[in-house]
Amino acid sequence: AGQALSFIGRSGSEYVGLLLDTFHMNIEEPSLTSCFEQAVTRGKLFHVHLGDSNRLPPGRGHLDFPAILSTLREGGYRGYLSAELLPVPDPDTAAEQTIRYMQVIMK
């Protein structure tokens, strides 16, 4: 995220931003909350993909989604959250699991 933010800063464009994916940020970043905080603080977080550490719906792996959402809220992020998941056991069930989990932790 830091490298991408540096690139965006050098571009000088207000129309270039980041789509951060929780699954990939878990692999690439030393801290999930820090990468989201950096992007939100700089006004360059345009979109978020949700997927747990195993690419299943949030709550089915080990990522700390309450901490991620808290970071997004505190930073003032008002953009979209969308799911990018494996369709397990099928697409509709994965979507329903994501919606239910997110509704619970977003209260």
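Because the structure is a prediction, the values reported are computed rather than measured.

Asks: So what about the packing of aromatic side chains? Which residues, and what values?
Replies: Summed over all chains, the structure comprises 1 aromatic pair. With a centroid separation of 6.2 Å and an interplanar angle of 80 degrees, the aromatic rings of phenylalanine 65 and tyrosine 101 are classed as edge-to-face. Here the residue phenylalanine 65 occupies a position in helix α4 (residues 65-75), and tyrosine 101 occupies one in helix α5 (residues 91-105), the gap between them amounting to 36 residues. Overall, the relative accessible area of 0% leaves phenylalanine 65 in the buried class.

Asks: Could you give an account of the pattern of salt bridges, naming the residues involved and the relevant values?
Replies: For the structure on display, the rule yields 2 salt bridges. Its salt-bridge partner being aspartate 21, residue arginine 55 comes within 3.5 Å of it at the nearest N-O pair. Of the two residues, arginine 55 sits in the loop between β2 (45-50) and α4 while aspartate 21 sits in strand β1 (residues 18-21), which places them 34 residues apart along the sequence. Residues arginine 55 and aspartate 21 agree in their burial class; the two are buried. Notably, a salt bridge pairs arginine 55 with glutamate 84, separated by 3.9 Å at the nearest N-O pair.

Asks: Quick one: what's the story with the packing of α4 against α5, residue by residue and with numbers?
Replies: Close contact between α4 and α5 brings their axes to 10 Å; oriented N to C, the two are set at 65 degrees. Here α4 runs over α5; the crossing is right-handed. When α4 is examined against α5, the residues Phe65, Pro66, Leu69 and Arg73 are found in contact with a partner set consisting of Tyr101, Met102 and Ile105. By residue class, the composition of the contact of α4 with α5 is 6 nonpolar, no polar and 1 charged.

Asks: Kindly report on the nonpolar core, identifying the contributing residues and their values.
Replies: The biggest cluster of nonpolar side chains holds 22 residues, and the ones touching the most others in it are Leu20, Phe36, Leu45, Val48 and Leu72. Where this core is concerned, the elements lending two or more residues are α1 (2-11), β1, α3 (32-41), β2, α4 and α5. At 5 residues, the largest contribution of residues to this core is made by α3. Setting aside anything within four residues of it in sequence, one finds leucine 20 in contact with Ala1, Met25, Cys35, Phe36, Ala39, Leu45, His47, Val48 and His49.

Asks: Can you break down the sheet that holds β1 residue by residue, with the values?
Replies: Sheet architecture is open: 3 strands sit in the order β1-β2-β3, paired in parallel fashion. Single-partner strands in this sheet number two, and they are β1 and β3 (80-83). Averaged over all neighbouring strand pairs, the angle between strand axes comes to 25 degrees, with direction disregarded. Here β2 pairs with β3 via 4 bridges, running parallel. Looking at β3, one finds that leucine 50 is bridged to alanine 83.

The rules we used
- Residues numbered from 1 in each chain as written.
- Predicted model: local features only at pLDDT ≥ 70, side-chain atom pairs only at ≥ 80, totals over all residues.
- Heavy atoms only, no water.
- Phe/Tyr/Trp six-rings, centres within 6.5 Å; stacked < 30°, edge-to-face > 60°.
- Helix = DSSP H or I, 4+ residues; strand = E, 2+ residues; numbered from the N terminus.
- Buried < 20%, exposed > 50% of the residue type's maximum accessible area, 1.4 Å probe, protein only.
- Salt bridge = Lys/Arg side-chain N within 4 Å of Asp/Glu carboxyl O.
- Axes fitted to C-alpha atoms, helices over the stretch in contact; angles between N-to-C directions.
- Left-handed = near helix turned anticlockwise from the far one by under 90°.
- Contact = heavy atoms within 4.5 Å.
- Nonpolar A, V, L, I, M, F, W, Y, C, P; charged D, E, K, R; others polar.
- Core = buried A, V, L, I, M, F, W, Y, C linked by side-chain atoms within 4.5 Å.
- Pairing = 2+ DSSP bridges.

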